[in-house]
Protein chains: 4
Amino acid sequence: MGISLELAQQAVHAAHQKALDLGVKMNIAVVDAGANLTAFIRMDDAWLGSIDIAIRKAKTARFFDMPTGDLGKASQPGGSLYNIEHSNGGLITFPGGIPILDANGRVVGAIGVSGSTVENDHAVAEAGVHAVENQ
Amino acid sequence: MGISLELAQQAVHAAHQKALDLGVKMNIAVVDAGANLTAFIRMDDAWLGSIDIAIRKAKTARFFDMPTGDLGKASQPGGSLYNIEHSNGGLITFPGGIPILDANGRVVGAIGVSGSTVENDHAVAEAGVHAVENQ
Amino acid sequence: MGISLELAQQAVHAAHQKALDLGVKMNIAVVDAGANLTAFIRMDDAWLGSIDIAIRKAKTARFFDMPTGDLGKASQPGGSLYNIEHSNGGLITFPGGIPILDANGRVVGAIGVSGSTVENDHAVAEAGVHAVENQ
Amino acid sequence: MGISLELAQQAVHAAHQKALDLGVKMNIAVVDAGANLTAFIRMDDAWLGSIDIAIRKAKTARFFDMPTGDLGKASQPGGSLYNIEHSNGGLITFPGGIPILDANGRVVGAIGVSGSTVENDHAVAEAGVHAVENQ
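As the structure is a computational prediction, the values presented were derived from the model and not from experiment.

S.K.: I'm lost on the sheet that holds strand β4 (residues 107-114) of chain C in this one. Help?
M.R.: Two pairing modes exist for strands in a sheet, parallel and antiparallel, and in both the strands are linked by backbone hydrogen bonds. Strands sit in the order β3(B)-β4(B)-β1(B)-β2(B)-β2(C)-β1(C)-β4(C)-β3(C) across an open sheet of eight strands; the sheet is antiparallel. Of all the strands in the sheet, the pair left with one neighbour each is β3 (97-101) of chain B together with β3 (97-101) of chain C. Strand-to-strand twist of the sheet, defined as the mean angle between neighbouring strand axes without regard to direction, takes the value 20°. As defined by bridge partners, β3(B) adjoins strand β4 (residues 107-114) of chain B across five bridges and the pair is classed as antiparallel.

S.K.: Hey, could you run me through the environment of Phe40(D) in this one?
M.R.: Of note, Phe40(D) is situated in strand β2 (residues 37-42). Overall, the relative accessible area of 1% leaves Phe40(D) in the buried class.

S.K.: Just to check I follow, could you spell out the interface of chain B and chain A for this structure?
M.R.: Listed as interface residues are 21 residues of chain B and, on the opposing side, 19 residues of chain A. Roughly 1500 Å² is buried in total at the junction of chain B and chain A, and carbon and sulfur atoms are behind 60% of that figure. It is Trp47(B), Leu48(B) and Phe94(B) in chain B that bury the most area against chain A; as a group they hold 34% of the surface buried on that side. Counting across the interface, chain B meets chain A through one salt bridge. A salt bridge links Asp45(B) to Arg106(A); the nearest nitrogen and oxygen atoms lie 3.3 Å apart.

S.K.: Looking at this model, I keep getting lost on the relation of the copies chain B and chain A. Mind explaining?
M.R.: Note: a rotation about an axis with an accompanying shift along it relates these two copies of the chain. Rotating chain B by 92° about the axis while translating it 0.3 Å along that axis superimposes it on chain A, leaving an RMSD of 0.1 Å. Within this description, the copies of the chain are treated as partners about a four-fold rotation axis. Among all C-alpha atoms of chain B, that of Pro77(B) lies closest to the rotation axis, at 4.6 Å. Taken together, the interface assignments show that only 19% of the residues at the interface of chain B recur at the interface of chain A, consistent with different surfaces on the two copies.

S.K.: So what exactly am I meant to see when it comes to the relation of the copies chain A and chain D here?
M.R.: Structural alignment of chain A on chain D gives an RMSD of 0.1 Å, achieved by rotating through 179° and translating 0.1 Å along the axis. What the rotation and shift describe, once combined, is the action of a two-fold rotation axis. No C-alpha of chain A lies nearer the rotation axis than that of Phe40(A), which sits 2.4 Å from it. An overlap of 100% is found between the interface residues of chain A and their copies at the interface of chain D, pointing to a shared contact surface.

S.K.: Got a minute to help me understand the interface of chain A and chain D in this structure?
M.R.: In this assembly, 18 residues from chain A lie in contact with 18 residues from chain D. The contact between chain A and chain D buries some 1500 Å² in all, and 56% of this surface belongs to carbon and sulfur atoms. By the criterion of area lost to chain D, the three top residues of chain A are Leu5(A), Leu37(A) and Arg42(A), representing 36% of everything that side buries. When the shortest N-O distance is used, the salt bridge between Asp32(A) and Arg42(D) registers 2.9 Å. Summed over the shared surface of chain A and chain D, the number is eleven residue pairs in polar contact (both at pLDDT 80 or more). The set of elements that each furnish at least two residues to the side of chain A that touches chain D consists of α1 (5-22), β2 (37-42) and α2 (49-64) of chain A. For the side of chain A that touches chain D, the element with the highest residue contribution is β2(A), accounting for six residues. Here β2(A) pairs with β2(D) via three bridges, running antiparallel. Counterpart to Ile41(A) in the pairing with β2(D) is Ala39(D).

S.K.: Looking at this structure, I do not really get the packing of aromatic side chains. What am I missing?
M.R.: Given two aromatic rings, their pairing is described by the distance between the two centres and the angle made by the two planes. Evaluated as defined, the whole model comprises six aromatic pairs over all chains. With 6.4 Å between their ring centres and 80° between their planes, Phe63(C) and Phe64(C) make a pair best called edge-to-face. For the pair formed by Phe63(C) and Phe64(C), the shared burial category is buried. Cluster of aromatic residues (ring-pair linked, three or more members): Phe63(A), Phe64(A) and Trp47(B).

S.K.: Please explain unusual backbone geometry as it appears in this structure.
M.R.: What you tend to see is this: most non-glycine residues have negative phi, and most peptide bonds are trans. Residues and elements named next belong to chain A. Backbone geometry places Ala-35, a non-glycine residue, at a positive phi of 65°. Locating Ala-35 in the fold gives a position in the loop between β1 (27-32) and β2. Classification of Ala-35 by relative accessible area gives buried; the value is 4%.

S.K.: Would you mind going over the pattern of salt bridges with me for this structure?
M.R.: Note on pairing: side chains with opposite charge can pair once their charged atoms come close. Residues and elements named next belong to chain C. The final tally for this structure, using the stated rule, is 22 salt bridges over all chains. For Lys-73, the salt bridge identified is with Asp-70, shortest N-O distance 3.9 Å. Of this pair, Lys-73 and Asp-70 both sit in helix α3 (residues 68-74), three residues apart, which is roughly one turn of the helix. The exposure class assigned to Lys-73 is exposed, which follows from its relative accessible area of 66%.

S.K.: In this structure, what is going on with helix α1 (residues 5-22) of chain B? I would like to understand it.
M.R.: Helical periodicity: at 3.6 residues per turn, an α-helix aligns residues three or four positions apart in one direction. Residue and element names in this part refer to chain B. In a regular helix each residue adds 1.5 Å, so 18 residues correspond to 26 Å; α1 covers 25 Å between its end C-alpha atoms and thus fits that length. Every buried residue belonging to α1 is among Leu-5, Leu-7, Ala-8, Ala-11, Val-12, Ala-15, His-16 and Ala-19, and all of these are buried. Where α1 terminates, the next one or two residues include Gly-23, which has phi positive at roughly 70°.

S.K.: Which parts of the structure should I look at to understand the pairing of strand β2 (residues 37-42) of chain C?
M.R.: Residues in a regular strand project their side chains so that they alternate between the two faces of the sheet. All names here are of chain C. Among the six residues in β2, six count as buried, and that is most of the element. Direction of pairing for strand β1 (residues 27-32) relative to β2: antiparallel, over a ladder of five bridges. Within β2, the residue paired with Val-30 across the bridge is Ala-39. A loop of four residues connects β1 with β2, the two strands running antiparallel in sequence, and Ala-35 in this loop sits at a positive phi of about 65°.

S.K.: Help me out: how do you make sense of the sheet that holds β2(D) in this one?
M.R.: Spatial ordering of the open sheet is given by β3(A)-β4(A)-β1(A)-β2(A)-β2(D)-β1(D)-β4(D)-β3(D), a layout of eight strands whose pairing is antiparallel. Because the sheet does not close on itself, it has two edges, and the strands there are β3 (97-101) of chain A together with β3 (97-101) of chain D. On average, adjacent strands in this sheet sit at an angle of 20° to one another, irrespective of strand direction. Here strand β1 (residues 27-32) of chain D runs beside strand β4 (residues 107-114) of chain D; their pairing, made up of six bridges, is antiparallel. Among the inter-strand pairings, Asn27(D) is bridged to a residue of β4(D), identified as Ser114(D).

Rules used in this analysis
- Residues numbered from 1 in each chain as written.
- Chains lettered and ligands numbered in written order.
- Predicted model: local features only at pLDDT ≥ 70, side-chain atom pairs only at ≥ 80, totals over all residues.
- Heavy atoms only, no water.
- Pairing = 2+ DSSP bridges.
- Helix = DSSP H or I, 4+ residues; strand = E, 2+ residues; numbered from the N terminus.
- Axes fitted to C-alpha atoms, helices over the stretch in contact; angles between N-to-C directions.
- Buried < 20%, exposed > 50% of the residue type's maximum accessible area, 1.4 Å probe, protein only.
- Contact = heavy atoms within 4.5 Å.
- Buried area = accessible area lost by both parts, 1.4 Å probe.
- Salt bridge = Lys/Arg side-chain N within 4 Å of Asp/Glu carboxyl O.
- Least-squares fit on C-alpha atoms with pLDDT ≥ 70 in both.
- Polar contact = N/O pair within 3.5 Å; in protein donor to acceptor, adjacent residues only side chain to side chain.
- Phe/Tyr/Trp six-rings, centres within 6.5 Å; stacked < 30°, edge-to-face > 60°.
- Expected span 1.5 Å × (residues − 1).

If you want it as structure tokens, here you go:
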């Protein structure tokens, strides 16, 4: 049902390396095509509150097959999806969640990262995606 | 208690047809007068996150007997119903939910649609309502 | 991701027919391989409390790839899975939920039925499964 | 706060190996001394319902600093902790969760495993504990 554990762990490993390179402490989660948790790590001393956020970012990215930050642009006051965060038991719509596609362009899962600035979160998530995309 | 399964399925069928015409992948839910789920379908590859949103739109439309988008106008920052989305375990107040009325003008249920732009969501919901209204 | 809407609706339709044959009022839910809701109907005057139970039975059957009643045998006091019902936001472990397999023996979803005796619930679920199994 | 990610991953890796040896498909979770998720993997095709159970077993083992199965002996009807599963948002009290101790005998975390019989779940959890205990 989407991404294998092996690929999920490769994505987590690449994201972990990127976090070490940036000198940041991250929570990193991967979900499969059914938005179910497949792999997760929390780096030592990473924010405890970011465990849940990393997992929700991964789920949100798969729920709507787009980066979480894109959804957040439409969920602002006055936006077409204002307060969409109240659905699905709580969404996270700022950057750090990205879908993972296979070689056929199908979404096979998603990665979610939380623990630093949203720019760093997104960069670390991207490193995870790049390690496994199109496989 | 309000809409029959037969009419609910007609509404879902008409909405489904409209979605096919528009080339979009939708989640479509109908609730009865008690705001309880009566019929639901998810089209193949429709957003997983829209299952919950379609159901919440239908419930929200019946909770307040108005289209969800109307409620959203008043729930913005500074608005009279600011953050009403926090009630009832989570409301959705952007377009895509519409009440269904019988021939006597009584609300007998509501339809909620999610899976595309809010304009498409609303158009598909409207197709469902039109198929069964005033019956 | 598992069962198509078309097959899910065939399962619901066959289960609905069986319920009509038995003279019982049922809630009938089908989830896909990711345990996400795909199709649902509530027959007129079926128990309101059974909406949630039907959906949870379908999810439970997919969560553990076995009929819900099988799980219930092990979750009794003194059993090896005592009180497993507290997991996953609430499981239902009495009969009425059955996995759906494709022609290769893979679980592609599950059906959950609630609204009568557990014997009737199971029989109606079975009718739904038989209509689509091995496809 | 307790176990490091490095040790948590060693525990997960050893448990994963044990599961491969036994030919079973497991969900494996490690929490730290604060009962917060530190590492998690789901083997391909492991039960979806066991994601939540593995995590709850790990938390339960740390919540009470004892193997989950020990707690389950006291939570039976008539037992001194009858239905303790209702606390903490849902506990799992059958075997598969075990605390992890450091060289000074302090609990630094716990492992939870779910996906097979409770005997296999416990054996796989034990393999994880043995790989890192007393460090």
